[in-house]
Amino acid sequence: MEERARSCLLRSRERMELDIKASYLMDHMISDGILTNDEEQRVNSKATRKEQAAALLDVLLRKDNRAYISFYNALIRESYGDLASLLHNDLPLLSPEGERSFADGVSPSVQMILREGGVPQRPVVFVSRPSLLSLIRDKLYRLRDTPGWVTVFGMAGSGKSVIAAEAVRDTALIRECFPDGVHWLSVGQCERADLLVRMQSLCFRLEQVQSSDISQRPPSSVEEAKERLRFLMLRRFPRCLLILDDVWDTSALRSFDVQCRVLMTTRNRSLTDSVSGKKFEVPIENGLNEEKALEILALYVNGKPQKLPEQARSIVSECKGSPLVVSLIGALLREFPDRWGYYLRQLQKKQFKRIRKSSSYDYEALDQAMDASLQVLELEHRDLYRDLSIMQKDVKVPAKVLSVLWGLELEEVEDVLQEFVNKSLLFRDCNQRPYLYYLHDLQLDFLAEQNRDHMTELHEKMVRQYQQFYNKSAPSAGDKECLYWYHFLPYHMAKAGLSKELYSLMFSLDWVKDKAQVMGSAHLINDYVEYGGMLDKENSEVRLQFQEFLSLNGHHLEQRPFPDVVQLALSQPTHSEVYRQALMQAQQRASRGQLYLDCVNKNSMDSLSRLVMHPHQGSIYHACFSKDGSKIASCGASKTLRVFKTISGEKLLELQAHDDDVLCCAFSPDDRYIATCCSDRKVKLWNVERALLIREFDVEHDEQINQCQFTNTGRRVLLATCSNDKITNTKLWNPNKQSSQNTMFGHMEPVNHCCFSPNDAYLATSSSDGTLKLFEVSSANEWKTIDVNSFFPESDDEIKVFVKCSTWSADGSRIICAARNAVFVFDVATSDMLLEMRTSRLSTVQYCHACPNSNLLAVALSHYTVELWNFETSKKTAECSGHLSWVHCVQFSPDGSLLLSSSDDQTIRLWETDRVHTSSAAALKRDSDVLFSQNDITVVAADSRNRLQVRTGSDASVFFESDKFPSRIRCTCISRCAPHVAIGTEDGSVQVLDVPSGNPLATLSGHTRTVHHCQFTDDGQTLITSSEDATIRVWKWKTGECLVLEGHQESVRKFHLLNSSSSSPQILSWSFDGTVKVWDQNSGHKLRDLTCHKGAVLSCDMSSDGQLFVSTSADRTAKVWSSVSWEMAFLLKGHKDCVRSCRFSWDSKRLATGDDNGEIRLWSMIDGAVLKICSRDTKDSMDSLHGGWVTDLHFSPDNRVLVSTGGYIKWWSVDTGEALQTFYTMGANLKKIHVSPDFSTFVTIDSIGILYMLMKVEGGRA
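This structure is a prediction, so every number in the text was calculated from the model and none was measured.

Peer 1: Can you walk me through the pairing of strand E1 (residues 148–153) in this structure?
Peer 2: Regular strands have side chains that alternate between both faces of the sheet. With respect to burial, E1 is a largely interior element, 6 of its 6 residues being buried. Every second residue of E1 is oriented toward a common face, with Gly148, Val150 and Val152 on one face and Trp149, Thr151 and Phe153 on the other, all of them buried. For E1 and strand E5 (residues 278–283), the ladder comprises 6 bridges, and the chain directions are parallel. Each bridged residue has a counterpart across the sheet, and for Val150 the counterpart in E5 is Phe280. Across 6 bridges, E1 lies against strand E4 (residues 261–266) in parallel orientation. Counted as the bridge partner of Thr151 is Met264 from E4.

Structure below.
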């Protein structure tokens, strides 16, 4: 320190020791980097204020010129203007080195202006916010030629003061706009007397700058001080900038309304409404982004951001990047670098008093800083603000919700919220209408801590106010505020301990319907899980019933238009509370004319799935569990990556991952990252928590990448990828490096799959070259090759065996692979085949995965099912049916309790491993016949074991079951007048059986190929069959006599019997050859032969009056013909796909046609005009308007309702074309529906073999 400056300090020492409070000054000097925390502690350790002042001066006398200047500025900032004047004349000049360190690039002259004006130095730890600085400077430039106000506003601790000081640290700005100086004044919360002291200090400083020899009397009142400032600013410093820091109220601000240029920091943005002049605003973001916040913490602990412990990110996340909290904790960590976990816990526990100041700030602890903001509110508004304690973090609330809570008019609420926003006590999202309001996490934590003992009553107040406001009807789905109630009402009830209200809400089908329509099913499932403990005290069985209903029907509830929840719930078991409520509502609505269907044979509808999810639009190629089993990641044709909760399906993350199909995804061993690979040849690494792309690896594969897999343990994390490349098809990557670490050579054809052994020592690769290879991970050398192709000796040399995938046993001693329709188990040590499991020759294995803690193997098959096998005993233990298309992936959860499967049907199904089994009741085939007689129903169909089953009664109990037939049964029919059943088989034979004895009554041979259709005449004496061999045969089955109707050139799939009750019955047949023919049933003569279409004829129907018949074709047209003239009456165009089904109304006035796009058209038979198009506005999840082809159509006897089958069953209003009801079957691809004469009972079988007997619900009360 210069001698002149040292002498001045010594001369002034006595007075300094009497007047200064050392702790106030040291904050500024620490910020300037002059004092250390140790020095501060030594000063504060002195017993009295005078001793502390003396100790501080002793410390300063041992330092350089910078210490003297910092002390001088601190005196000015803390309003010791009289003491600062003692030091002013002896201010030293800094050396060039000191100037550079102090000014950080600002010119010496400008730096002197800032020092003399008391502008605080840059904090010891400082991270620039360029965009914000640019914005403030832009506003300041607008004050160059005119007085005005720039208001920098934000919540407590947002960094307003630091950024304001930094904004004026700009040479060009000062020289161009404020050459007369910059003067900083800390205003704060002060009484009038304190305000006068601050204004006196400012006047003294300005007068000192003008002339150090003139000493005027200090102004004696605020009014006098204001006038003196007006004079100084207008006459002597017209182009200076006055910075008012931390202004709280308008009375203080008006004292500086002297027609000058002002930069102000405040928490209350509305203060400048009380002053004159131009006004500009700059809002300060609530928090720093993670990168900036980590940079600050790293500077405090003298490290690098990427080397900080994981708790650093958690601290930033917990405080939402608050500059104040980050700086406070950073300063504390500088002294105690091992306390990351401790300070994180204090934040999480809301122990704000423990996070005390250790740098320049006006409050001793964080809680004091936030409490100061509340004290300026009116008492009434303070109580309203207290109610916000029950808000949840990161939740934005519309004003109408708070209107309900406070019982005030919406306009009054908006006025109160505006005040909170103005005072930075609340934040408003203006990007949405209506506006949404939210609290910063720190504010919310502070409120919750303050009102800890009143939280229950505050939550109860919210619930009671809701009940009072919505006592007549639930919130409307169209209102923004309804989202809040549907999301958080159960939360408030649970927090208030209102268990009865929670039961009443959550066990209500109305609540389920309303919330699912607004938010989807995953949120609801999550509620039943989260509040399960409370709900189970009332009735755990009912809670499980509602949860199961949502888990299995959630994918339907995601559809738009929204399905009828009551109809969905009618499929629940009859003992279920869900079903009871649904039936009661259905009966009430049916009495008003609405249509509902009750499945009366629910015993055949047991689902083994625990949860069905519909996460993507498009095929799902891969899904996998996180290592802890709590999350599932999925990817597919939608090009997205999605992560959701295992327990409920609630979405946690969704990313647009690639520009093409995403073929695989994999969690890292610690679950922090997910890797994705794509047909675009790219591999990417994502941070799960932050939803950020961490790395896009170099493109080293030349073809699509089929699989990516991480090592199983975290000892040495590697990522393996395999592709369709011919040579460089398998690579290992270090996740921290851009390029691959190793390439594994050996396969000369595409590699379809790769997986690490449980101990990560080996990598197994499955290739289209017919081999399975094992590579050593450490050396990347090939260790063993197993020639899987050799186990298919019958294979054509030109058709190679593709090894689809492989999986390791839990102990790593066996490797299992899949190829074609077989799964092989090999001993790893010897390469010997231990076991071979073969599926049906008609199926191929798509994927397989071994359970991590048992001998179970999951196998995905091309016929849409998943099977579980024990690979020790080679026995199938379970069958999981439910998917409607190819299953691409199966995987067990880490603990083996769950199994997931993903499919082309756009769903992921979750199965409980110990609940799935192979049903003793074999699935039925869709080729069936039904007899409706009085109050009984008889169903005949083949089952999956090729046995004939006859089921009767409303419960569809098995009345008869035959032995297995040698040839596959392809069609069945029931005689209407005797207990006889006929079957047609794949080898062309036909049999008639007596039921229930099962005795064969006749075996009819003649067809040379598959029999597709069979039907008894009304008297039961004649059986008619049609075949793939292009013929129709008319059998007198008791005698074996046969008429062969020949003429079709291709397969005859079906026929109709005409005039069956007359003496001259006829047969109407159609074929893929494009023709329709009419035959005399008695003689076999061909009566008519029409070439109707260029494409295959897919269906025909005859009108009930016998005047018209219709043919539909693969050529996308339907044609209506006169059965009198045999001329075409109407050509019906408009369908965009094959027209597969048709039906005349009973009055013959309308015709319905259905196509393969799911569209149904209603036509007038007067003029051939289209009357209505029955279809949804948008396609469904199966990319169809009906879940698939429209395969069957039936009109009601009164011609007012039409029923159709496709991927599900729909009933339509014939008059309006609108859907009246939809019944979703578990399987899809319905082939036909059998309808009772009174249109009250409907029977069908779906693609997974489930029989449905549906009966119309009658009106009345349960």
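Still more to cover.
Peer 1: Please explain the packing of helix H9 (residues 130–141) against helix H10 (residues 160–167) as it appears in this structure.
Peer 2: Axis separation between H9 and H10 bottoms out at 9 Å; the angle between their running directions is 60°. As the angle between them shows, H9 and H10 are arranged oblique. The element H9 and its partner H10 pack so that their crossing is right-handed. Residue-level contacts link Leu132, Leu133, Ile136, Arg137 and Leu140 of H9 to Ile163, Glu166 and Ala167 of H10. Here the residues of the contact of H9 with H10 sort into 6 nonpolar, no polar and 2 charged.

Peer 1: For this particular structure, what's the right way to read the packing of aromatic side chains?
Peer 2: Geometrically, a pair of aromatic rings is defined through the distance of the ring centres and the angle of the planes. One pass over the structure, following the stated rule, counts 27 aromatic pairs. Geometrically, the ring pair formed by Trp1211 and Phe1242 is edge-to-face, given 5.3 Å between the ring centres and 85° between the ring planes. Separated by 31 residues along the polypeptide, Trp1211 in strand E64 (residues 1209–1213) and Phe1242 in strand E67 (residues 1241–1245) bring together distant segments of the chain. In terms of burial, Trp1211 and Phe1242 fall into one category: buried. Following the ring pairs from residue to residue traces out a cluster consisting of Tyr466, Phe469, Tyr470, Tyr484, Trp485, Phe488 and Tyr491. Here Lys396 stacks its cationic end above the ring of Tyr438, 5.1 Å away from the centre of that ring. It is Arg820 that lies over the ring of Phe792; its NZ or CZ is 5.5 Å from the centre.

Reading the values: the criteria
Residues numbered from 1 in each chain as written. Predicted model: local features only at pLDDT ≥ 70, side-chain atom pairs only at ≥ 80, totals over all residues. Heavy atoms only, no water. Buried < 20%, exposed > 50% of the residue type's maximum accessible area, 1.4 Å probe, protein only. Helix = DSSP H or I, 4+ residues; strand = E, 2+ residues; numbered from the N terminus. Pairing = 2+ DSSP bridges. Axes fitted to C-alpha atoms, helices over the stretch in contact; angles between N-to-C directions. Parallel < 35°, antiparallel > 145°, perpendicular 65-115°, else oblique. Left-handed = near helix turned anticlockwise from the far one by under 90°. Contact = heavy atoms within 4.5 Å. Nonpolar A, V, L, I, M, F, W, Y, C, P; charged D, E, K, R; others polar. Phe/Tyr/Trp six-rings, centres within 6.5 Å; stacked < 30°, edge-to-face > 60°. Lys NZ or Arg CZ within 6 Å of the ring centre and 35° of its normal.

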